Amino acid sequence: MIVAEPEAAPTAASGVVGVGTRSATLRAVYMIWYRDVLKYWRDRVRLIASLAQPLLFLLVFGLGLSSSLRGAGGGFGGTGGSGSLNYVQFVFPGVVAMAVLFTAIFSAMSIVWDREFGFLKEILVAPVDRSAVAVGKALGGATQAMLQGCVMLVFAPLVGVHLTLLSVVELVPLLFVLAFALSSLGVAVASRMRSMQGFQVVMNFMLLPIFFLSGALFPLSGLPGWMTVLTRLDPVAYGVAPLRHAVLGGAGVPAAVAARVGDVSLFGRTVPTPLEVVMLLLFGVAALAVAIRGFRIPD
Amino acid sequence: MTLSASVPGERGSMTGPAPEPATSVIGVRGLVKRYGPVEAVRGIDLDVHRGEVFGFLGPNGAGKSTTISILCTLLRASSGTAHVAGFDVQRDPAAVRARIGLVFQDPSLDDQLTARENLEFHALIYNVPRAVRRQRINEVLEMVGLGDRASSLVRTFSGGMKRRLEIARGILHDPRILFLDEPTQGLDPQTRSRIWEHLQELRRRLGVTIFMTTHYMDEAEYCDRIAIIDHGRIVAQGTSDQLKQMVGGDVVSVITADDVRAMAEIERALDVSPVLQDGSLRMEVADGAAFVPRLIGAVSAPVRSVTVRRPSLDDVFLKLTGRAIRDEDADPLQAMRAMGARWAGRRR
Ligand SMILES: Nc1ncnc2c1ncn2[C@@H]1O[C@H](COP(=O)(O)OP(=O)(O)OP(=O)(O)O)[C@@H](O)[C@H]1O
Ligand SMILES: [Mg+2]
């Protein structure tokens, strides 16, 4: 004989209400986000270590390359004289984007870790929608990556990049949008992976091309045709351009110069910053949808 | 909400009068689970009553974890039905999840967080109200004897402490049914009995129904009722006494100087069929005390020792399957190899 009547749902007093509802799922999103941020904050060693690579790039490409370019005669970007652009100013937003990219992708790696070491199961058996895992992780990774980008801004004066308060106010939301898009991408990949090795292989394969084709290190104009196509398919390109716009604007680089080295054009037109932001957001949402599907697949 | 005693079914006030005590809270019919060519669960039926401790016993790879995963809505059955707390696990997984707690076979704590943080996160997703959260967390920590380690990182805990913390987490949201997959695996005897005390107390104070798997036969003594599963089939179900009656009478073991000769002599003179196991002859007889003098008379080789004991569940398992349930404390690597071999064997 099977079961006379359902057990009463535990009441609010006994602990569980609103199970499987949207509010329960939202709480789970919050919990997953909070856990990520707490661990990021607690793990200072990782926080500092993950700054090492962008700083190295900044020193080598920025200071090193920039002085050798100057030695070879002429600034960067064509115009000499006051208000001209040096390579450090150009590459700085690219390196900030790099910090965001790497942090976002590697924070997604924790999903594979959690799956392997069980904590994810605890969430997957809870009475919440599985989409909570994808959304919580994407937001958690985005927060970490954005904070990492903000920390990079602190180094601007040290390498001689002048930031105004206004440009910082502009940069922070842009960093978040880029961080969200990339973190969602990372979660989408991680949601299909069952092993750390698998994730690392896929990411090693993707990460550097995404970075190199994003315009972080060189302007995206005047490239060979095939390369131009690839750069336009790189989501990070639409994050680097607005960051560069804000940085160069704050540094007092003439708008025409900044536009020539920094802007991305599509079908012969310059893509304006608001459109770039919208494209990144759409990309992030699409990646998130893929991630949510990934978690709905039963093990 | 406190952990004060509550009559099982008291919470039934929302759906009317308290249900009858013998209502089954878990009902399984014809459950089958296939992993590709491997049939892990081959059509099992189970009934677990409200408020009892139900033991699910079986050797490695018998299908225990698979069954638990289906009951906890983590895995879809290939066929058959299962009801938990009144809800179909396939059709109403959210309702089932809200009423159960689960302690996984494999560790599932975040060891970079403290014990309290692990519990706080759990309380958050299960919406234990903020007002009682702290008190409730303290209570479950006290209950498993970890009150003084609440702020330590889980990384610094011993295996037994982690297990107890997982049990605390499993009951934090006050589930009506607690599933435990091998809660005592790999722990030393003191820790095992300590965990058992906690579980007994849970059942006594809160009326929680406990469904647990183990392959320690001696632990089944703590269970109200037991099902023995082997190769995906239930081979026996009942109370420990009922199962032991299947063996009938007492188990007598004798060690002699010449076991082979003794075996033949016993078979001829006493009409029982002993089995040679671990260097002693083992037989089941109706009345052990009366049998021993006859045994000694029948054997011509010097007798080194004779023991008479009540049958254990190991004897039951041996009788039902023709095998011992496990090699005593086989190391995990060996267990894995055995599992792999079995896997390969079935695929062929
Ligand atoms: N994901 C899977 N894919 C394929 N086969 C599986 C999978 N999970 C379990 N099995 C097989 O199903 C059978 C039952 O496994 P299960 O984990 O349920 O056993 P168990 O009784 O819990 O064993 P143990 O005591 O070792 O935990 C085994 O033969 C195992 O190899
Ligand atoms: Mg198991």
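Residues numbered from 1 in each chain as written. Chains lettered and ligands numbered in written order. Predicted model: local features only at pLDDT ≥ 70, side-chain atom pairs only at ≥ 80, totals over all residues. Heavy atoms only, no water.

**Q** In this structure, what is going on with the site of ligand 1? I would like to understand it.
**A** Residues and elements named next belong to chain B. In the vicinity of ligand 1, 14 residues are found, and the nearest of them are Gly61, Lys64, Ser65, Thr66 and Gln105. At a separation of 3.4 Å, a nitrogen atom of ligand 1 approaches a polar side-chain atom of tyrosine 35. Compared with its free state, where it exposes 630 Å², ligand 1 has 77% of that area covered by protein. Of the residues contributing to the shell around ligand 1, the split by class is five nonpolar, seven polar and two charged. (Near = heavy atom within 4 Å. Polar contact = N/O pair within 3.5 Å; in protein donor to acceptor, adjacent residues only side chain to side chain. Areas by Shrake-Rupley, 256 points an atom, 1.4 Å probe, with all protein chains shown as cover. Nonpolar A, V, L, I, M, F, W, Y, C, P; charged D, E, K, R; others polar.)

**Q** Honestly, the sheet that holds strand S2 (residues 38-49) of chain B in this entry has me stumped. Any pointers?
**A** In a beta sheet, neighbouring strands are held together by backbone hydrogen bonds and run either parallel or antiparallel to one another. All names here are of chain B. Spatially, four strands are ordered S2-S1-S4-S5 in an open sheet, and the strand pairing comes out antiparallel. At either end of the open sheet lies a strand with only one pairing partner, and these are S2 and strand S5 (87-88). Where strand S1 (residues 24-35) meets S2, nine bridges bridge the pair, whose relative direction is antiparallel. Within the sheet, the bridge partner assigned to arginine 34 lies in S2 and is glutamate 39. Helix H1 (residues 64-71) rests against S1, S2 and strand S4 (79-84) of the sheet, and its axis sits at about 120 degrees to S1. (Pairing = 2+ DSSP bridges. Helix = DSSP H or I, 4+ residues; strand = E, 2+ residues; numbered from the N terminus. Contact = heavy atoms within 4.5 Å. Axes fitted to C-alpha atoms, helices over the stretch in contact; angles between N-to-C directions.)

**Q** Just to check I follow, could you spell out helix H10 (residues 255-262) of chain A for this structure?
**A** Since one α-helical turn is 3.6 residues long, residues separated by three or four positions face the same way. All names here are of chain A. Residues of H10 that are buried: Val257, Ala258, Val261 and Gly262. Buried residues of H10, viewed axially, fall in a sector of 105 degrees; they line one side. Relative to its buried face, H10 has exposed residues pointing more than 90 degrees away, namely Ala255 and Ala256. Packed against the buried residues of H10 are helix H3 (87-116) and helix H9 (237-250). (Buried < 20%, exposed > 50% of the residue type's maximum accessible area, 1.4 Å probe, protein only. Arc of directions from axis to C-beta.)

**Q** Just to check I follow, could you spell out unusual backbone geometry for this structure?
**A** Excluding glycine, a negative phi dihedral is what most residues carry, and trans is how most peptide bonds are arranged. Residue and element names in this part refer to chain B. One non-glycine residue with positive phi stands out, namely asparagine 127, at about 50 degrees. Within the element layout of this structure, asparagine 127 appears in the loop between helix H3 (115-125) and helix H4 (130-143). Located in the positive-phi region is histidine 231, a residue other than glycine, with phi close to 50 degrees. With respect to the helices and strands, histidine 231 occurs in the loop between strand S9 (225-230) and strand S10 (233-238). With a relative accessible area of 32%, histidine 231 lands in the partly exposed category.

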